[in-house]
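# Architecture and fold: a report
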Amino acid sequence: MRKPRRSRNGSPHVVVVGAGFAGLAAVKTLAKVKPPVRVTLLEQHNYHLFQPLLYQLATGLVQPADIAHPVRGIVRRHRRTSVRMATVSGVDFDTREVLTEEGRRFGYDYLVLAAGATTATFGIPGVEEHSFPLKSMPDALRLRAHLLRQFELAENDPAEIAKGALTVVVVGGGPTGVEMAGALHELFKHVLVHDFPDLDINQARVVLLEATDHLLAPFHPSSRQHALEILAKRGVEVRLGQALEQATPDEVRLKDGTVIPTRTLVWGAGVRAHPLADVLGLEQTRGGRIVVGDGLSVPGRPEVFVVGDLAGAGDGKGGLLPQVAQPAIQEARHAALNIERTLKGEPRTGFEYKDKGIMATIGRNAAVTELPSGARFKGVVAWYLWLALHLAYIIGFRSRVAVLVNWIWSYLTYDRHARIIVAVEPTRRAARAGQPSAGAAPSPAASRDRPVVP
Ligand SMILES: Cc1cc2nc3c(=O)[nH]c(=O)nc-3n(C[C@H](O)[C@H](O)[C@H](O)COP(=O)(O)OP(=O)(O)OC[C@H]3O[C@@H](n4cnc5c(N)ncnc54)[C@H](O)[C@@H]3O)c2cc1C
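Bear in mind the structure is a predicted one, so any value in this text is a computation, not a measurement.

The rules behind each value
Residues numbered from 1 in each chain as written. Predicted model: local features only at pLDDT ≥ 70, side-chain atom pairs only at ≥ 80, totals over all residues. Heavy atoms only, no water. Pairing = 2+ DSSP bridges. Helix = DSSP H or I, 4+ residues; strand = E, 2+ residues; numbered from the N terminus. Axes fitted to C-alpha atoms, helices over the stretch in contact; angles between N-to-C directions. Phe/Tyr/Trp six-rings, centres within 6.5 Å; stacked < 30°, edge-to-face > 60°. Buried < 20%, exposed > 50% of the residue type's maximum accessible area, 1.4 Å probe, protein only. Lys NZ or Arg CZ within 6 Å of the ring centre and 35° of its normal. Salt bridge = Lys/Arg side-chain N within 4 Å of Asp/Glu carboxyl O. Near = heavy atom within 4 Å. Polar contact = N/O pair within 3.5 Å; in protein donor to acceptor, adjacent residues only side chain to side chain. Areas by Shrake-Rupley, 256 points an atom, 1.4 Å probe, with all protein chains shown as cover. Nonpolar A, V, L, I, M, F, W, Y, C, P; charged D, E, K, R; others polar. 1 Å grid on protein atoms, 1.4 Å probe; cavity = no way out; pocket = protein on both sides within 12 Å on 5 of 7 lines; lining within 4 Å. Points joined across faces, edges and corners; volume = space filled by probe spheres on them. Patch = residues over 30% accessible without salt bridge, like charges linked within 9 Å, V, L, I, M, F, W, Y side chains within 5 Å. Lys, Arg positive; Asp, Glu negative; His and termini not counted. Charge placed at Lys NZ, Arg CZ, Asp CG, Glu CD.

Sheet architecture is open: 3 strands sit in the order 24-25-26, paired in antiparallel fashion. This sheet does not close on itself; its edge strands, each paired only once, are strand 24 (358-363) and strand 26 (376-378). On average, each strand axis in the sheet is tilted by 5 degrees relative to the strand beside it, whichever way the strands run. Where strand 25 (residues 366-370) lies against strand 26, 3 bridges are found, and the strand directions are antiparallel.

Let's shift gears to the packing of aromatic side chains. On inspection of all chains with the given rule, the structure shows 8 aromatic pairs. Between Phe 151 and Phe 188 the ring centres are 5.0 Å apart and the planes differ by 50 degrees, which places this aromatic pair in the tilted class. Here Phe 188 lies in helix 8 (residues 175-195) and Phe 151 lies in helix 6 (residues 137-156), a separation of 37 residues in the sequence. Each member of the pair Phe 151 and Phe 188 is classed as buried. Their ring planes at 50 degrees and their centres at 5.8 Å tell us that Trp 383 and Tyr 384 sit as a pair that is tilted. Taking relative accessible area as the criterion, Trp 383 reaches 11% and is therefore assigned buried. Overall, Tyr 384 belongs to the partly exposed group, its relative accessible area being 48%. Linked through ring pairs, Tyr 55, Trp 386 and Trp 407 together constitute an aromatic cluster. It is Arg 364 that lies over the ring of Tyr 414; its NZ or CZ is 3.7 Å from the centre.

Pairing is parallel in the open sheet, where 5 strands are placed in the order 11-18-12-13-14. Bordering the open sheet on either side are strand 11 (131-133) and strand 14 (237-240), each of which pairs with just one other strand. Ignoring which end each strand starts from, the neighbouring axes of this sheet average 25 degrees apart. Bridge analysis of strand 12 (residues 167-171) against strand 13 (residues 205-210) gives 5 bridges, and the strand direction is parallel. Bridge pairing in strand 13 links Val 171 to Leu 209.

One pass over the structure, following the stated rule, counts 17 salt bridges. Taking the shortest distance from any N to any O, the salt bridge between Arg 96 and Glu 303 comes out at 3.6 Å. You can see Arg 96 sitting in the loop between strand 6 (88-92) and strand 7 (97-100) and its partner Glu 303 sitting in strand 22 (residues 301-306), a full 207 residues away along the chain. Residue Glu 160 pairs with Lys 163 through a salt bridge whose shortest N-O separation is 3.6 Å. When its relative accessible area of 12% is taken as the criterion, Glu 160 is described as buried. When salt bridges with common partners are traced through the structure, they connect Glu 160, Lys 163, Asp 250 and Arg 263 into a single cluster.

Our focus in this paragraph is the pairing of strand 9 (residues 110-113). Going residue by residue along strand 9, you find Tyr 110 and Val 112 tucked away on one face and Leu 111 and Leu 113 tucked away on the opposite face as well. In this sheet, strand 9 lies alongside strand 1 (residues 13-17) in parallel orientation, the contact comprising 4 bridges. If you follow Val 14 over to strand 9, its bridge partner there is Tyr 110.

Here we come to the site of the ligand. The environment of the ligand is made up of 29 residues, and the closest members are Ala 22, Glu 43, Gln 51, Val 88 and His 274. Residue Gln 323 places a main-chain N or O atom 3.1 Å away from an oxygen atom belonging to the ligand. Backbone polar atom of Ala 325 to an oxygen atom of the ligand: 2.9 Å apart, as the coordinates give it. In the complex, the protein chains occlude 90% of the 990 Å² of accessible area that the ligand would expose alone. Where the shell around the ligand is concerned, the elements lending two or more residues are helix 1 (21-30), strand 2 (38-43), helix 8 and helix 11 (325-343). Split into classes, the residues belonging to the shell around the ligand amount to 13 nonpolar, 12 polar and 4 charged.

Before going further, it helps to spend a moment on the layout of surface pockets. Here the second largest pocket is characterised by a volume of approximately 470 Å³. Together, 22 residues line the second largest pocket, and Leu 24, Lys 28, Ile 74, Tyr 393 and Ile 395 are the ones closest to its centre. Contributions of two or more residues to the lining of the second largest pocket are made by helix 1, helix 4 (71-75), helix 11 and helix 12 (380-393). Of the residues forming the lining of the second largest pocket, the biggest block, 5 residues, is contributed by helix 1. Taken together, the residues that form the lining of the second largest pocket break down as 9 nonpolar, 7 polar and 6 charged.

Attention now moves to empty space enclosed by the protein. If you walk through the whole model with that rule in mind, you get 3 cavities of 30 Å³ or more. What lines the largest cavity is simply His 48, Phe 50, Asp 66, Ile 67, Ala 68, His 69, Tyr 393, Ile 394, Ile 395 and Ser 399. Among the secondary structure elements, those contributing two or more residues to the lining of the largest cavity are helix 3 (64-67) and strand 4 (68-70). Split by residue class, the lining of the largest cavity holds 6 nonpolar, 3 polar and 1 charged.

Time to look at a positive patch on the surface. Residues Lys 28, Lys 32, Arg 76, Arg 77, Arg 333, Lys 354 and Lys 356 make up a contiguous surface patch of positive charge. By the secondary structure assignment, Lys 356 is in the loop between helix 11 and strand 24.

Purely spatial values, then, with no claim about function.
Rendered as structure tokens:
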């Protein structure tokens with residue numbers, strides 16, 4: 001087995017894959033560990049994306065730069081951290097090298113895999129081809145452009161309405177589906193109603209489909225009921241116990257035989273581990289997530305850690321931790337500290353998740369928040385808590401101010417200034433195919449020609 005390369009100054013080299021919540025938390029913690037380590041952060045985009053506000057990008061409330069921050073800007077104060085814009089395609093665990101689609105190899109002493117998750121369509125016919133997922137910046141921009149185009153189309157030819165131009169079907173009654181349905185309804189009934197005075201906006205429909213008999217699965221029944229009542233009161237058609245059977249470009253068919261004409265199927269029903277997990281040859285668990293031990297490293301490979309949505313970290317009760325931001329951040333910090341403990345010759349510690357509560361927004365003045373103490377909030381108080389917390393987690397003062405200004409402006413005027421049609425190419429399907437490029441290690445020839453870094 002080849003010995004791993006060390007960085008030029010002799011300190012151990014840690015490669016972190018992914019600049020999401022987990023990857024950034026790992027990098028920030030690693031910047032402070034003693035003895036110092038050199039870190040290389042590999043990220044396929046040049047930005048960190050704040051996914052929780054993607055639905056606001058899709059509904060014209062915020063702009064791309066408000067929820068995306070250049071990775072280089074985030075880490076530039078960490079002298080020992082370098083960033084490479086690269087798409088990781090595989091890992092050679094024996095030689096301890098990360099392989100990228102661009103044909104480069106990055107040697108490591110420790111590896112932190114934090115490539116996140118992707119949309120799971122559960123093999124339902126037509127969903128892959130005809131739905132709008134909400135996982136990336138292009139996803140949100142495509143959905144925004146598509147929605148606005150449907151309104152333009154319907155105003156030019158009202159016959160399009162009966163064909164589903166103004167009907168949006170959102171699948172999945174979890175937090176993403178609920179916030180998306182609420183936001184779409186507000187966009188239609190408070191904003192586009194003024195832009196399209198010749199359209200009968202009452203014909204615009206938002207249908208929220210949920211296969212179980214309740215919304216917001218992780219929440220207390222009273223919070224679920226609150227979400228249901230608010231959405232119904234505001235005009236969202238919530239259909240519980242209704243599962244999607246098939247999607248085409250013009251309609252969706254439900255399991256009970258109902259057909260809903262629609263050109264906009266928003267998919268918020270599930271995620272699975274990033275496809276990178278499928279090509280690494282590591283043991284996987286539910287949703288393709290990579291099995292990790294309680295110290296968050298891979299069994300049999302103590303130098304490889306997996307954190308965030310990619311990891312199948314246990315919740316201590318026999319299940320897996322949810323694929324949301326807090327577990328991702330806490331796992332990443334813990335993995336980085338376990339690297340530090342190893343370097344100091346100390347034993348590693350097991351990861352314990354500290355539950356900080358859950359929250360979901362339903363729309364203007366409406367949200368639900370549940371704290372670990374058992375305290376529950378709903379309505380305006382929960383909404384303010386949701387706003388404050390999400391604002392706090394956005395990276396960069398400028399972005400925080402921009403989002404806050406947009407929120408205040410929209411709250412006072414019901415306006416959403418970012419209702420702009422921008423062509424986002426390539427098409428949804430092609431973009432997804434070329435997106436998280438799972439597997440496909442570079443050809444041996446390409447690898448030979450490239451330097452091993454650092
Ligand atoms: C629409 C939406 C709303 C959400 N709302 C909430 C919420 O309100 N609260 C909450 O707690 N959580 C929410 N989540 C979940 C939360 O965003 C995720 O749990 C969190 O982002 C996971 O962090 P991560 O670092 O594991 O993955 P990510 O944040 O997804 O980061 C993974 C990173 O890896 C990069 N990457 C992927 N593949 C490669 C590759 N091959 N090579 C190089 N880089 C790669 C990606 O570009 C990305 O930057 C939401 C998610 C979505 C999609």
